[in-house]
Amino acid sequence: MGLESALGNGFLTTKMDTLVNWARSNAAWPMPMGLACCAIEMMAFAGPRYDAARFGSEVMRFSPRQADVMIVAGWCTYKMSHAIRRIWDQMPDPKWCIAMGACASTGGMHRCYGVVQGVDNFLPVDAYISGCPPRPDAVLHALMKIQDKIKTEHSVMLDS
Amino acid sequence: MSLNLSETLQKTVDSLSKNFSESLIEVYQSSGDTFIRIEADSLLKVTKYLKEELHYVYLSDIFGIDRYTSEERFEVVYNLLSLKSQTRVFIKVRCEEENPELDSVVPVWKSAGWNEREVFDMFGVHFRNHPDLRRIFLPEDFEYYPLRKEFPLLGIPGSIELPSTTPESE
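Residues numbered from 1 in each chain as written. Chains lettered and ligands numbered in written order. Predicted model: local features only at pLDDT ≥ 70, side-chain atom pairs only at ≥ 80, totals over all residues.

Caption draft 1: Examining the overall build of chain A more closely. The helix and strand tally for chain A stands at six helices and four strands. In chain A, the succession of α and β elements from N to C terminus is α-α-β-α-β-α-β-α-β-α. Considered along the principal axes of its C-alpha atoms, chain A spans approximately 65 × 35 × 25 Å. Across the 160 residues of chain A, 34% fall into the buried class. (Helix = DSSP H or I, 4+ residues; strand = E, 2+ residues; numbered from the N terminus. Buried ≥ 20, exposed ≤ 12 C-beta atoms within 10 Å, placed from the backbone.)

Here's what the structure looks like:
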């Protein structure tokens, strides 16, 4: 800590990676992909009682170009999967994905020909949440897991 | 089996057996509802009579049944409601496994169009003279009928396309 004392108050030294990862992990704005009843719990997760803004997920962004984390909340049909993948492709890198609830993770109780048995069939999912539907605390937990993941990312130089 | 019919339902059954005695197969009750099974070739005549003479103006629903391994495998049920007397009656017809085909009731109830498309989509029963018999839920090029008993629970792998996991630009 020699350098700070030489530069005086108002300065600190850190690695670029640490700084960028700190900034990214505390500004993960969700893209709500609310497909079914899980979306109601997702609203509670964003609302004042559970308050995702405490973790830097300040606002739900309904535009994929302004979002970092896609929360797939609910069961996904084959027909819907094309729209979801299209929105996912429009999100700028780096991006993360949460499969919220039993249906998005595995198909859940919708064990039939029309429902995709887990959105990881066409999306790179980072965090799975169990529950039907999961409590908002569980969504916060998944968000914190994603924050941990962002903080341990490899060098930002690899992104380019 | 003795039937316990209300006055209006008794009138319905009586006038059907009077006018269409040769096409009436059976009348029975189950769970408080009345079912009338008729010959498939007289479907249009009977439904037209039910609507125009007995005021069953409202077609609530049409659905299919797969009686797998039975003779005359497919059954189509018409759920009719009379708004005048508040009575409900179910009309049933059966058709063969090979080339299942029935007359469309669109000339009687125009609303039957989408219901019949659903039965066609799920069971593969064709409706003669239907104005627009296409699949209603599944993709046009889907080759199977998912509510038939032999169709596997999770479908045929690869029969419905998933999106590409590589973005188009790359």
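Caption draft 2: Spatial organisation of helix α2 (residues 43-52) of chain B. All names here are of chain B. Buried within α2 are the following residues: Leu-43, Val-46, Thr-47 and Leu-50. Seen from one end, α2 has its buried residues packed into an arc of 95 degrees, which puts them on one side. Summarising the contacts, the buried residues of α2 are in contact with α1 (7-19), β2 (33-38), β4 (74-82), β5 (87-95) and β6 (101-103). (Arc of directions from axis to C-beta. Contact = placed C-beta atoms within 7 Å.)

Caption draft 3: View of the confidence of the model for chain B. All names here are of chain B. Mean pLDDT over chain B works out to 89, with 96% of the residues at or above the 70 mark. The lowest-confidence element of chain B is α1, averaging 89 in pLDDT; the highest-confidence one is β4, averaging 94. For this predicted complex, the interface confidence reaches an ipTM of 0.73, while the overall pTM sits at 0.80. (pLDDT = per-residue confidence, 0-100.)

Caption draft 4: The arrangement of unusual backbone geometry in detail. Between Asp93(A) and Pro94(A) the backbone carries a cis peptide bond, its omega angle lying at -5 degrees. Located in the positive-phi region is Glu72(B), a residue other than glycine, with phi close to 50 degrees. Looking at where Glu72(B) falls in the secondary structure, it is placed in the loop between β3 (58-66) and β4. A positive phi is found at Asn99(B), a non-glycine position, where the angle reads about 50 degrees. Of note, Asn99(B) is situated in the loop between β5 and β6.

Caption draft 5: Structural detail: the nonpolar core. Of all hydrophobic cores here, the largest spans 40 residues; its most connected members are Met70(A), Val72(A), Ile98(A) and Met100(A). Mapped by element, the contributors of at least two residues to this core are β1 (30-34), α3 (38-46), β2 (69-73), α4 (78-90), β3 (96-100), α5 (101-106), β4 (127-129) and α6 (136-151) of chain A. Other than its neighbours up to four places away in sequence, Ile98(A) contacts Val69(A), Ile71(A), Val72(A), Asp126(A), Ala127(A), Ile129(A), Ala142(A) and Ile146(A). In terms of nonpolar packing, the next biggest core, distinct from the first, is built from 28 residues, Ile36(B), Val108(B), Phe123(B) and Val125(B) among them. (Core = buried A, V, L, I, M, F, W, Y, C linked by C-beta atoms within 7 Å.)

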